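# Remarks on the overall topology
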Amino acid sequence: METEMKLGYAIVYVNDVAATLAFYERAFGLKQKSIDDNSEYGELDTGATRLGFSQAEFADSLTGVKHYRNTATNNPGGFELALITPDVAKAVQTAKDAGAVVIAEPQEKPWGQTVAYLRDINGVLIELATPLE
């Protein structure tokens, strides 16, 4: 049976939405799709599924729950964002030049994919990987 459910977007809670969107443009070439007038929420154009960023206190106010804070000094949260690229080594260098911290240099995995790990300016774990054949 086919489900009517699909993943529409993922939202990461950050301290500075505008700075995060600008970083993702510089580091990964993703284009800003939108940002609200108060810079509390913005999205990147990533294809079929949107990647959003919400200001952490704003997210707390919507849900009534104080969320884990993504910071460069905390351990990464229990998730990662995976971005697919044909040239992982080049993408790692571009991201590093934009301020990302390299956690694991590109390595070819046993299943044939080249993968590297970074942390963005918020400490969020980013996987850069070649397409899986």
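Counting through the fold element by element, Gln-113 comes out in the loop between strand E6 (101–108) and strand E7 (114–119). With relative accessibility at 9%, the residue Gln-113 sits in the buried group. A polar contact of 2.9 Å, which involves the side chain of Gln-113, links it to the side chain of Trp-111. Look past the residues within four positions of Gln-113 in its chain and what remains in contact with it is Gln-107, Glu-108, Ala-129, Thr-130, Pro-131 and Leu-132.

For the rest of this paragraph, the subject is helix H1 (residues 17–28). A turn of α-helix holds 3.6 residues, and therefore any two residues three or four places apart point the same way. The end-to-end C-alpha separation of H1 is 16 Å, in line with the 16 Å expected for twelve residues at 1.5 Å each. For H1, the set of buried residues is Val-17, Thr-20, Leu-21, Phe-23, Tyr-24, Ala-27 and Phe-28. Projection of H1 onto a plane perpendicular to its axis shows the buried side chains occupying an angular sector of 160°, all on one side.

This part takes up the pattern of salt bridges. Evaluated as defined, the whole model comprises three salt bridges. Here Glu-43 ties to Arg-50 by a salt bridge, and the two come within 3.4 Å at their closest N and O atoms. Residue class for Glu-43 comes out buried when judged on its relative accessible area of 6%. Put simply, Asp-60 and Arg-69 hold a salt bridge, and the shortest N to O gap is 2.5 Å. What emerges from the salt-bridge pattern is a single network uniting Glu-57, Asp-60 and Arg-69.

Moving on, we come to helix H2 (residues 56–63). Listed as buried for H2 are Ala-56, Ala-59 and Asp-60. Down the axis of H2, the buried set is contained in an arc of 105°. They therefore lie on one face. With respect to the buried face of H2, the exposed residues turned more than 90 degrees away are Ser-61 and Leu-62. Of the surrounding secondary structure, the elements contacted by the buried residues of H2 are strand E1 (9–14) and strand E4 (50–55).

Another point: the sheet that holds strand E8 (residues 125–129). For sheets, the rule is that strands pair by backbone hydrogen bonds, running either parallel or antiparallel. A sheet is described by the order of its strands in space; here four strands give the open sequence E5-E8-E7-E6, paired in mixed fashion. A single partner strand is all that each edge strand has here, and the edge strands are strand E5 (81–84) and E6. Neighbour-to-neighbour, the strand axes of this sheet turn through a mean angle of 15°, independent of strand direction. Here E6 pairs with E7 via five bridges, running antiparallel. Residue pairing across strands places Ala-104 opposite Tyr-117, the latter belonging to E7. The strands touched by H1 are E5, E7 and E8; relative to E8, the strand with the most contacts, the crossing angle is about 25°.

So, how was this worked out
- Residues numbered from 1 in each chain as written.
- Predicted model: local features only at pLDDT ≥ 70, side-chain atom pairs only at ≥ 80, totals over all residues.
- Heavy atoms only, no water.
- Helix = DSSP H or I, 4+ residues; strand = E, 2+ residues; numbered from the N terminus.
- Buried < 20%, exposed > 50% of the residue type's maximum accessible area, 1.4 Å probe, protein only.
- Polar contact = N/O pair within 3.5 Å; in protein donor to acceptor, adjacent residues only side chain to side chain.
- Contact = heavy atoms within 4.5 Å.
- Expected span 1.5 Å × (residues − 1).
- Arc of directions from axis to C-beta.
- Salt bridge = Lys/Arg side-chain N within 4 Å of Asp/Glu carboxyl O.
- Pairing = 2+ DSSP bridges.
- Axes fitted to C-alpha atoms, helices over the stretch in contact; angles between N-to-C directions.

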